[in-house]
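Architecture and fold: a report
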Amino acid sequence: MSYIGIVITYVFIQNFILVQFMGLCPFIGVSKNSESAIGMGVAVTFVTAITSVVCWGVSHLFLIPFNLEYLQTIAYILVIAALVQLVEMVIRKMSPGLYQALGIYLPLITTNCAVLGIAVINADNGYNLLESFLAGLSAGLGFTMAIVLMSNIREKLDMTPVRKVFRGVPIAFISAGLMALAFMMFDQSLLTNLGLV
């Protein structure tokens, strides 16, 4: 698959939130306003991109040469935890307001299955270093796109009359379901039609 094909695949066709349903906790929890959503999206994009590169290195320098592939999940989780701590320290130092807005959801990136998912997918697909980086970056951009779209929808829903029983999380899940239906139109034939396979 071409590099452009990898980007289109992980932003649209295999969007981690709207197609694979990974990372729903921060998606629903942080999408209440656009500023928090953009901050979370940037943090997740950074972590997925860097995690993909570091996990590729861990696999090809340690796990595969020493026949330790069975430790892949544990090694990847350790890498993710370390990178999330780094991101948390940077955000706390550079943007205390964003750090407060993200709250508990920032440390939850460590347990975000989307971050671990892209690292495992990269290994399973046998991507090289650049392909792994692009897949991680694209998965993060897809996450960012979905969470920003959702934050815009939720901000508009806050200003419209919604029945009491649907206010808050219920209408957020209904909206997410409708977004997921819209994303179903993107499939592998998109890459074929664009000549990227």
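Report on the accompanying structure. (Residues numbered from 1 in each chain as written. Predicted model: local features only at pLDDT ≥ 70, side-chain atom pairs only at ≥ 80, totals over all residues. Heavy atoms only, no water.)

1. Side note on the overall build of the chain
- A tally of helices and strands in the chain yields nine helices and zero strands.
- In sequence order, the chain lays out its α and β elements as α-α-α-α-α-α-α-α-α.
- For the chain, the C-alpha radius of gyration of 17 Å lies close to 16 Å, the compact-globule estimate for 197 residues.
- Taking the principal axes of the C-alpha coordinates as reference, the chain spans close to 60 × 45 × 25 Å.
- Residues counted as buried form 44% of the 197 residues belonging to the chain. (Helix = DSSP H or I, 4+ residues; strand = E, 2+ residues; numbered from the N terminus. Rg over C-alpha atoms; globule rule 2.2 N^0.38 Å. Buried < 20%, exposed > 50% of the residue type's maximum accessible area, 1.4 Å probe, protein only.)

2. A few points about the packing of helix α3 (residues 34–63) against helix α7 (residues 129–158)
- Closest axis-to-axis distance for the α3/α7 pair is 8 Å, and the angle between their directions is 165°. On the basis of the axis angle, α3 is roughly antiparallel to α7. Crossing angle aside, the handedness with which α3 passes α7 is right-handed.
- For the contact of α3 with α7, a count of residues per class yields 15 nonpolar, 11 polar and one charged. (Axes fitted to C-alpha atoms, helices over the stretch in contact; angles between N-to-C directions. Parallel < 35°, antiparallel > 145°, perpendicular 65-115°, else oblique. Left-handed = near helix turned anticlockwise from the far one by under 90°. Nonpolar A, V, L, I, M, F, W, Y, C, P; charged D, E, K, R; others polar.)

3. Brief notes about the packing of helix α1 (residues 3–13) against α7
- Across the interface, α1 lies against α7 with an axial gap of 7 Å and an inter-helix angle of 30°. Handedness of the α1/α7 crossing: right-handed. Taking contact as the criterion, the partners of Tyr-3, Ile-6, Val-7, Tyr-10, Val-11 and Phe-12 in α1 are, on α7, Leu-130, Glu-131, Leu-134, Ala-135, Ser-138, Ala-139, Leu-141, Gly-142 and Met-145. (Contact = heavy atoms within 4.5 Å.)

4. Let's talk about the side chain of Thr-45
- Assignment of secondary structure puts Thr-45 in helix α3.
- Not counting residues up to four positions away in its chain, the partners in contact with Thr-45 are Leu-137, Gly-140, Leu-141 and Thr-144.

5. Some details on helix α6 (residues 113–125)
- The end-to-end C-alpha distance of α6, which contains 13 residues, comes to 18 Å, matching closely the 18 Å that a straight helix rising 1.5 Å per residue would cover.
- Three or more residues of α6 are buried, namely Ala-114, Val-115, Gly-117, Ile-118, Ala-119, Ile-121 and Asn-122.
- The N-cap residue of α6 is Asn-112: its side-chain oxygen and the backbone nitrogen of Ala-114 are 2.9 Å apart.
- Gly-126 sits one or two positions beyond α6 and adopts a positive phi of about 65°. (Expected span 1.5 Å × (residues − 1). Polar contact = N/O pair within 3.5 Å; in protein donor to acceptor, adjacent residues only side chain to side chain.)

Remember that the coordinates give geometry; whether it matters functionally is a separate question.
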